[in-house]
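# Examining the three-dimensional arrangement
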Amino acid sequence: MASSREGQSIRLEVVGGKQISVPSGRMPAGIYVSVNVDSKRCWKSAVRVLSSGSCVVWGDAVTLSPDVSPKISAEIRASFELGRMLGRGELVGKLEISWEGLLDRGDEPFDLSFPPIRGVCPSLTLKVTSVIACANDGSRLFDSIDDCRIARDTDVGHIRLSEYIRRRGEVHILDDAMNRFELVLDQCPVDHPDHAAALTNLAWARLQGYIHKDLRGIYIATSLLCDALALRPRGHPDRPVSLYYLTEALIWRYSYHATTVDIFKSAQLCYELLPLCSEGTYLHDIVIGKNGVDYVIRACNNLPIDASDEGIYLRQLMLELCPLGNQHNPSALDKLANTVKARFQRCGNFDDLDQNIQLGREVVSMCPEGYPNRVTYLINLAVSLRRRFDHRGNFHDLDEVISLYEEALPLRPVGHEYHDASLDGLGRALLARFNECSDIDDINRATGLFRKALASCPSGRPNRDTRLNNLAAALITRHDKLHASDDLDEAIDLCRKSLLLLKQDDHPERHKNLFNLSMALCSRFAQTRKNEDVEEAIGLCQHSLVALPSLHPDRYFSYTWLKEAYLSRYRILPNTVDLSLAVGNFRLASKHPTQGFLERIKEAIQWARQSEVYEHESALEAYQTCLDLFDNHVTRSSIILRRNAATAFDGAQSLPINAASCAIRRNDLQRGVEFEEQGRDRQWSLASRLKTPLDDLKSINIPLADKLSELSKCLSDAQNSTGSSDRAVADRAAMAYKRLAAQWEAAVAEIRHLQGFSRFLLPPLYEDLQVAARRGPVIILIASEYSCNAIIVSASGQPHHVPFPSLTLTDLEMLKKHFANVIRDTARMGSKEPRTALIALLRTIWDEVMLPIVNVLQHDLKLPSRSRIWLCPTAAFTSIPLHAAHPFRMNADRPGREPCLEDLYVCSYTPTLSALIRARQTMTTRITPSFAAIGQDRPGAGQGMVLAAVNNELELVHKHVPSGIKFTHLSGDAATQAGTLEALQCNTWVHLACHGKQDHENPSNSRFAMRTKPLSLLDIIENDAPQAEFAFLSACHATCGDEKIPDEVIHLAAGLQFSGFKSVVGTLWEVDDAVARHVVEAFYENMFKNLDQGVMDCTKAAWALNKATYAVKKKVPLEQRIGFIHIGL
């Protein structure tokens, strides 16, 4: 037999392996096959990664000769390194096979089974082929079996550790294994290439002892694994398995000690590890399994809510670890939503609340009807939307809250643990809607739900006092609106029952019940005039003040209800002492430092209103408090948008104007100017997203700005802690708050010593604002519900008051509507038809508004004819063409007609005095002028009709621009949003001919029509154009203000001024593009006439427009002519 095979060799191909598992249970980096031909030499296959089915595919082959050895030994081994191996790894299985046994298998693949491991036999699939032997064939492929001490000790360590696992915890065997691995580590210093592998082997052995209840050394094990991971940077072939080992060690440590940092670190490691584990591999299956990522997610989801940045990051990691489709995805989203909500509650950042709601919507959308936790997610979303409604007053939010509770209620039927809570939540939402909309169905339904909630919460249940209290609140509200006396008596009875359930004076919620009972008693006093009711109401509020620490946020409500009690008594039994006490509590509530700005602003506004009603001397203080609180709210909460801030409070829109009116009525004109400017310029700055005071500070002192920002955040955090129900915690928080407040004040004082920051976070002074009138008086027109007036600010001396005794705000609103109607009607008239109605309105403006102002300008200020004046209108005045005021009468005492305003003076507009000051300050540096003419005659779909005269208008403009000026023409397809923005940024002078559209609902979305998408006011405002000088907006509605916020002139022309253009011409209403070209031509003829040394001067624009409108009187109808106005320098 032997002689017949003389000269033959065999080609042994290792095709693959199946059912391979490591005896010690350790995760292998890979599996390889070793064919040992004698005690010194072996052949090794490549190290391959184990697949998810415990299979390996090799396809490696070796040629063997019978001369080498009569038989061979085949081993399956687990390698714990994919890169450089330390030792031979752990033996999985071993078999000896003779040559005859191999050759007898034929040419077909066959399976070779190995001894079982945990009842399962691993196997190799081999293929043997007979080949002709060559000299020394194959011998060069053999490796020497490493017999160095490091390798021997490592291999013995693996053997002993495997024995320890199989024998279930004989500690002396584990000690032997660890001793071997420690010997190896001693021989592999830090710079040794096998140091990381030696660290890992020792750490793994220590971890096995920990897992088998030998709790020694877990911290050493994790430390060793951390060191090993640090030696295997990103891209290292063994980094994935190192990540896995460290993750498993941390998970085991967390399972025993429940240390949050361990599970947090595990989550971070899993986040890095998952992308490195190819799907279909054994490592991937183990990592995502119940003891890997799945365990980490479940453990993290059981952690308490942590609103810190680290806590948010952890929840974001969880979401990454369980993407859409993962069973844990909804709960991970919900946990992230709750964590973000907790941060909102702590810091008051409205972006967090918006994100919480967005996440809540995602959770609900992923949980169809019938999903177990859907009802919880519905309620969570409802609670967040309700909170946002309370802060912003968006009725869409409240309607959605009601809809969510209505869907959730059937999912918590009668008998459900939280049935009463669901009834209560829906009732509270309906009560809130009734308070806003006064729909009787809402209050009746809310009352019915509260009754059901109370019935579902029998005596002994923890929340029965709350159910009693909420039903009482609904009954009090229904009484106040519908005057049902039975409701009030029942409410008082319910409040008393609620208080009986909270017998302890130090109960954390008792003060809220005291508030409700106080409110009910005040209402009954107003009805019955029984003094004992109001006395008790006052006593209840005073008792709540005694019970609450000095910096508890809810002391604010004690002050507000105490104020209500005193006002109730004052209305029935007028006594100036009660009014003074009410004002004192207004003051305390508005200035209570640990209550949020939103509530304090609302109370300050109410203070101002009541002081107006009762003509109390504190009115100016109340208005100042309102404006200061609003400023602080904006400065410390940069995330809030101006419109949300302004519309969040009933009365905030008209606040600056009413404040100015109050100051005027108290003969404090300077303060009236300061009030008007403080409110309106702050609102405009927010609307235009100009730099906040903190942004200005960062431009010169970043560390100080960061310090103040951090102190503000810490103050907010401390403020929320002062409301803790634990008295000791509340006391510590109060001390911390006082300390931080002192640090904040010190930081602000330091800032005010910087050059240019002496008024940091302080309202502007009249002396500073007076600079705006340096080139001509500024006339502020005040349209308040309390009075209509004008204040003329001149370059020196005191401001001048011009009363309009026969005008009311209602009159001005009607005048505004008449103008809108008349302008619309005249647009349909022929050019020769008389404009009788329009003339009558312009005559009314002259007689009632502008003539009294002109009298002061001429007789008191001695202002020469043809001087510049600036109009600064507010409220209803913003929509009235004040510049066009005209008597349309003949002189009574001399020949000729009476002069109109524009005959006497050159008129301009300005949104605020500060805007005029800023424009002048930025004119100090001049650059080489350039001119861009931009026109869009065929805007994108839905943006307007074709404007046939646009291209001719642009050519006309080009003809008048001085020849030495760089000129850019942009029209047609080139006049896009992006192209126009670039032109606005790159040129000092711009002419824009296109459709303009004012958006009254959202002024920042007001826009110019361009090819494809429009150019919005927000685009213009955010466009940085510091070198810009002049813009002519030949478009409709370019200067039409915002009806929703009447105290501001938020329009496209002013938006250009705030973005950097110092001088702007725009149109108040729609103009005919064919007619407009006459005004445009006359304007540029005058603008570029007699240039001083050829220099274009944007400050001539008002004069040029004045001349132009006069020159085209016979060509352009009156309503088209007066539609053009000038804003700025």
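Because the structure is predicted, anything quoted here is derived from the model rather than measured.

## Some remarks on the overall build of the protein chain
Broken down by element type, the protein chain carries 42 helices and 23 strands. Out of the 1129 residues in the protein chain, the part that is buried amounts to 56%. Once local pairs closer than 6 in sequence are excluded, the contacts in the protein chain between residues at least 24 apart make up 70%. A total accessible area of about 48,000 Å² is found for the protein chain, and carbon and sulfur atoms account for 51% of it.

## Concerning the side chain of Glu-272
Turning to its location among the elements, Glu-272 is positioned in helix H7 (residues 260-273). With near-sequence residues (within four places) excluded, Glu-272 lies in contact with Arg-234, Arg-239 and Leu-243.

## Digging into the pattern of salt bridges
In the structure shown here, the tally under the stated rule is 49 salt bridges. A salt bridge links Glu-75 to Lys-94, with the shortest nitrogen-to-oxygen separation between them at 3.7 Å. Separated by 19 residues along the polypeptide, Glu-75 in strand S5 (residues 71-79) and Lys-94 in strand S6 (residues 90-98) bring together distant segments of the chain. Take Glu-75: its relative accessible area is 3%, and that puts it in the buried class. For Lys-94, a relative accessible area of 42% translates into the label partly exposed. The shortest N-O distance in the salt bridge between Arg-149 and Asp-153 comes to 3.5 Å. Taken together, the residues Arg-149 and Asp-153, both in helix H2 (residues 149-166) and four residues apart, mark about one turn of the helix.

## So, the packing of aromatic side chains
Throughout the structure, instances matching the rule amount to 20 aromatic pairs. Ring plane angle 50 degrees and centroid distance 5.0 Å describe the contact between Trp-204 and Tyr-245, whose orientation is recorded as tilted. Taken together, the positions of Trp-204 in helix H4 (residues 195-211) and Tyr-245 in helix H6 (residues 239-257) put the pair 41 residues apart, joining distant regions of the chain. According to the relative accessible area criterion, Tyr-245 is buried, its value standing at 0%. An aromatic cluster of three or more residues is present, and its members are Phe-931, Phe-967, Trp-989, Phe-1030, Phe-1032, Phe-1083, Tyr-1084, Phe-1088 and Phe-1124. For the cation-ring pair, Arg-26 lies above Phe-80, with the distance from its terminal atom to the ring centre recorded as 4.0 Å.

## Side note on the nonpolar core
In this structure, Leu-426, Leu-494, Leu-517, Tyr-623 and Phe-675 are the most contacted members of the largest nonpolar core, which totals 99 residues. Contact partners of Leu-426, with chain neighbours within four places excluded, come to Ile-402, Tyr-405, Glu-406, Leu-409, Arg-445 and Leu-449. Counting residues in each nonpolar core, the second largest holds 90 residues, with Leu-50, Leu-250, Ile-251 and Ile-263 among its members.

## Some points on the state of the cysteines
Under the defined criterion, the tally for this structure stands at zero disulfides. Between Cys-322, a free cysteine, and Cys-300, which holds the nearest cysteine sulfur, the sulfur-to-sulfur gap is 9.8 Å.

## Considerations on the sheet that holds strand S18 (residues 996-997)
A sheet is described by the order of its strands in space; here three strands give the open sequence S18-S19-S20, paired in antiparallel fashion. Sheet topology places S18 and strand S20 (1015-1016) at the edges, where each strand pairs with a single neighbour.

## A closer look at the side chain of Asn-329
If you trace the backbone, Asn-329 turns up in helix H11 (residues 329-347). Within the structure, Asn-329 has its side chain in polar contact with the backbone oxygen of Cys-322 (distance 2.7 Å).

## Notes on H6
If you check H6, its first and last C-alpha atoms are 27 Å apart, about what 19 residues at 1.5 Å a residue would give, namely 27 Å. H6 sits mainly inside the fold: 15 of its 19 residues count as buried. Immediately downstream of H6, the backbone of Ala-258 shows phi near 50 degrees, a positive value.

## Overview of the environment of Ser-456
Here Ser-456 shows up in the loop between helix H16 (440-455) and helix H17 (464-482). Sequence separation of Ser-456 and Val-414 is 42 residues, and the distance between their C-alpha atoms is 7.6 Å. When near neighbours in sequence (up to four residues on either side) are disregarded, Ser-456 contacts His-419, Asp-420, Leu-423 and Arg-461.

## Comments concerning the pairing of strand S21 (residues 1030-1034)
Side-chain direction in a regular strand flips from residue to residue, so the side chains alternate between the two faces of the sheet. A large share of S21 lies buried, amounting to five of its five residues. Taking every second residue as pointing to the same face, both faces of S21 are buried, with Phe-1030, Phe-1032 and Ser-1034 on one and Ala-1031 and Leu-1033 on the other. Judged from the three bridges that link them, S21 and strand S22 (residues 1063-1067) form a sheet pairing that is parallel. By the bridge assignment, Phe-1032 is partnered in S22 with Val-1065.

Definitions and limits used
- Throughout, residues of each chain are indexed from 1 in the direction in which the sequence is written.
- Given that this is a predicted model, residues contribute local features only at a pLDDT of at least 70 and side-chain atom pairs are listed and counted only at 80 or more, while totals for whole chains, interfaces and linings are drawn from all residues.
- For the side-chain quantities, the full set of heavy atoms in the structure was used; hydrogens and water were omitted.
- Helix and strand definitions here come from DSSP, where helices need a minimum of 4 consecutive H or I residues and strands a minimum of 2 consecutive E residues; each element is numbered from the N-terminal end.
- Exposure is judged per residue with a 1.4 Å probe applied to protein chains only, and the accessible area is read against the type maximum: over 50% gives exposed, under 20% gives buried, and values in between give partly exposed.
- Contacts were defined at the residue level, with two residues in contact if any of their heavy atoms lie within 4.5 Å.
- Note that accessible areas follow from Shrake-Rupley with a 1.4 Å probe, and for residues the cover is restricted to the protein chains shown.
- By convention in these notes, a salt bridge is any Lys or Arg side-chain nitrogen within 4 Å of a carboxyl oxygen on Asp or Glu.
- Side-chain rings of Phe, Tyr and Trp, where Trp is taken by its six-membered ring, are said to pair if the distance between their centres is within 6.5 Å; with planes under 30 degrees apart they count as stacked, over 60 as edge-to-face, and otherwise as tilted.
- Criterion for a charge above a ring: Lys NZ or Arg CZ within 6 Å of the ring centre, and within 35 degrees of the ring normal.
- Grouping buried Ala, Val, Leu, Ile, Met, Phe, Trp, Tyr and Cys residues that are joined through side-chain atoms within 4.5 Å yields what is termed a nonpolar core.
- A pair of cysteine sulfur atoms is labelled a disulfide when the two atoms are within 2.5 Å.
- Pairing between strands is defined by DSSP: at least two bridges between the two strands are required.
- Under this definition, polar contacts are N or O atom pairs within 3.5 Å; protein pairs additionally need one hydrogen-donor-capable and one acceptor-capable atom, and for neighbouring residues in sequence, both atoms have to be side-chain atoms.
- Given the number of residues in a helix, its expected span is that number minus one, multiplied by 1.5 Å.

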